Amino acid sequence: MKADKNIENAKNFTADNNAPVDSAQNEPKTTEAQMSVDQYLEQLHADFDPVYNLLTDYQCAVMEVETKFNILNSRLSMQGEHNPIESIKSRVKDYESIIRKLEKLHLPITVEAVEENLMDVAGVRVICSFIDDIYRIEKCFVSQEDVTLIMRKDYIQNPKPSGYRSLHLIVKTPIYTENGKKDMYVEVQMRTIAMDFWASLEHKLRYKKNLNPDTAEQLAKELEACAQESAKLDEKMLRIRNRIAEDGAAVRIKDISALT
Ligand code: GTP
Ligand code: MG
């Protein structure tokens, strides 16, 4: 049942929006039972290949961007005393969520509509240890020649009413396919470990269905308070790290002067 629905969704997804979805409306329909396996597979390919190609392009864009952050992490860690990036989590939106978002935005369900309008199909989340690492890495990332910054939302300086903090970037970056260069949108979310911990817990509350409204309100308030405490913790940890770094530098300077 679900598979049939998926096939139907994919058919709609690849249909030319100006043409009727079922172009063979006036012809007698061929049922799956009447089709040979070869015909059925051919039809499946025709329906799914454009979607599969699209999702593969986004997967490639995710890999390109991940590589950029991994390289920055290696290079910056050679200069500093720690790895600025703790971890990277990536995902490509599944096609059911893509279709739901197109529908929500009253957009046609076509590959072109996705490529032109949805900027968060490819998502890369970069988790840093400290807040200053986020801005340092952001600066290096957006200054790269093949990264074009489209949108920037700083929810660290301006947290959401929920308490949510993160730095969001929408960038355009090329992938190199067998047919040449193709620019792709990628959403990058940058946050500290504390921000990520908070966001995953809050996400659970956000998507929990059938929760008593009073309980939900109380938990949202508690989470907002947690967000403020976690922001203070991020600042305190940064101050401690800076103190350690200053003392370390002072010791090194003394060592060098002893040698000369
Ligand atoms: P979307 O249509 O959801 O993509 O919203 P938008 O385009 O206005 O983007 P926005 O910057 O608000 O956030 C996009 C993403 O950030 C979401 O899909 C979440 O991953 C994350 N996010 C934003 N706000 C919150 C929040 O309050 N709590 C949590 N847990 N995540 C959030
Ligand atoms: Mg989104």
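J.: What's the story with the site of ligand 1 in this structure? I'm lost.
T.: Residues in close proximity to ligand 1 total 14 residues, the closest being Y155, K160, S162, E202 and R206. E202 is positioned such that a nitrogen or oxygen atom in its side chain is 2.7 Å from a nitrogen atom of ligand 1. The site holding ligand 1 turns out to be the largest pocket. With four residues, the top contributor of residues to the shell around ligand 1 is helix α6 (residues 193-206). Of the residues contributing to the shell around ligand 1, the split by class is three nonpolar, four polar and seven charged.

J.: Help me understand the nonpolar core, please; the structure alone is not making it clear to me.
T.: Side chains of nonpolar character tend, in soluble globular proteins, to be buried together. The biggest cluster of nonpolar side chains holds 40 residues, and the ones touching the most others in it are F69, F141, V188 and M190. Sorting elements by how many residues they give to this core places helix α2 (residues 37-79) first, with ten residues. Residues contacting V188, with those up to four places away along its chain left out, are V65, F69, V124, V126, F141, L167, H168 and L169. Counting seven residues, the second-largest nonpolar core is a separate cluster that includes Y155, W198, A199 and L205.

J.: Would you take a moment to explain the sheet that holds strand β4 (residues 167-177) for this structure?
T.: Within a sheet, each strand pairs with its neighbour through backbone hydrogen bonds, oriented either parallel or antiparallel. With mixed pairing, the five strands of this open sheet are ordered in space as β1-β2-β5-β4-β3. The open sheet has two edge strands with one neighbour each: β1 (85-92) and β3 (148-154). Here the strands of the sheet are splayed against their neighbours by 25° on average, with no regard to which way each runs. Bridging between strand β2 (residues 122-128) and strand β5 (residues 180-192) involves six bridges; their strand directions are parallel. Paired with V124 across the strands is V188, a residue of β5.

J.: It is not clear to me how unusual backbone geometry should be interpreted in this structure. Could you clarify?
T.: One non-glycine residue, H106, lies in positive phi territory at about 55°. Looking at the secondary structure, you find H106 in the loop between α3 (95-104) and α4 (111-117).

J.: When you look at the pattern of salt bridges in this model, what are you seeing that I'm missing?
T.: When the charged atoms of two side chains lie near each other, side chains of opposite charge can form a pair. Evaluated as defined, the whole model comprises 14 salt bridges. Measuring nitrogen to oxygen at the nearest pair gives 3.6 Å for the salt bridge that ties R100 to E96. Of the two residues, R100 and E96 are both situated in helix α3; the distance of four residues between them amounts to about one turn of the helix. For R100, a relative accessible area of 53% puts it in the exposed group. Among the residues examined, E96 registers a relative accessible area of 22% and is labelled partly exposed.

J.: Just to check I follow, could you spell out the packing of aromatic side chains for this structure?
T.: Each aromatic ring pair is described using two quantities: the centre-to-centre distance and the angle formed by the ring planes. A full pass over the atoms with the stated rule returns three aromatic pairs. With a centroid separation of 5.9 Å and 65° between ring planes, the pair formed by Y155 and Y164 is classed as edge-to-face. Owing to a relative accessible area of 14%, Y155 belongs among the buried residues under this scheme. Looking at Y164, the relative accessible area reads 12%, which means it is buried. Sitting over the ring of F130, R241 keeps its end group 4.8 Å from the ring centre.

J.: In this structure, what is going on with the layout of surface pockets? I would like to understand it.
T.: Put simply, the largest pocket is a space of about 1200 Å³. Around the largest pocket sit 37 residues that line it, and D120, R125, E187, Q189 and Y207 are the ones nearest its centre. Breaking the lining of the largest pocket down by element, the ones donating at least two residues are β1, α3, β2, β3, β4, β5 and α6. Top element by residues in the lining of the largest pocket is α6. It accounts for seven residues. Partitioned by chemical class, the residues of the lining of the largest pocket number twelve nonpolar, eight polar and 17 charged.

J.: Would you take a moment to explain the side chain of D57 for this structure?
T.: For D57, the location among the structural elements is in helix α2. Setting aside its immediate chain neighbours within four residues, D57 contacts I175, T177, K182 and M184.

J.: Any chance you could explain the pairing of β5 here in plain terms?
T.: Looking at chain direction, β4 and β5 are connected through eleven bridges and run antiparallel. From the neighbouring strand, L167 faces β5, where its bridge partner is M190. Two successive antiparallel strands, β4 and β5, enclose a turn made up of two residues.

Thresholds applied
- Residues numbered from 1 in each chain as written.
- Chains lettered and ligands numbered in written order.
- Predicted model: local features only at pLDDT ≥ 70, side-chain atom pairs only at ≥ 80, totals over all residues.
- Heavy atoms only, no water.
- Near = heavy atom within 4 Å.
- Polar contact = N/O pair within 3.5 Å; in protein donor to acceptor, adjacent residues only side chain to side chain.
- 1 Å grid on protein atoms, 1.4 Å probe; cavity = no way out; pocket = protein on both sides within 12 Å on 5 of 7 lines; lining within 4 Å.
- Sits in = over half its atoms within 2 Å of the grid points.
- Helix = DSSP H or I, 4+ residues; strand = E, 2+ residues; numbered from the N terminus.
- Nonpolar A, V, L, I, M, F, W, Y, C, P; charged D, E, K, R; others polar.
- Core = buried A, V, L, I, M, F, W, Y, C linked by side-chain atoms within 4.5 Å.
- Buried < 20%, exposed > 50% of the residue type's maximum accessible area, 1.4 Å probe, protein only.
- Contact = heavy atoms within 4.5 Å.
- Pairing = 2+ DSSP bridges.
- Axes fitted to C-alpha atoms, helices over the stretch in contact; angles between N-to-C directions.
- Salt bridge = Lys/Arg side-chain N within 4 Å of Asp/Glu carboxyl O.
- Phe/Tyr/Trp six-rings, centres within 6.5 Å; stacked < 30°, edge-to-face > 60°.
- Lys NZ or Arg CZ within 6 Å of the ring centre and 35° of its normal.
- Points joined across faces, edges and corners; volume = space filled by probe spheres on them.

Fair warning: the whole summary comes from geometry, so function is off the table for now.
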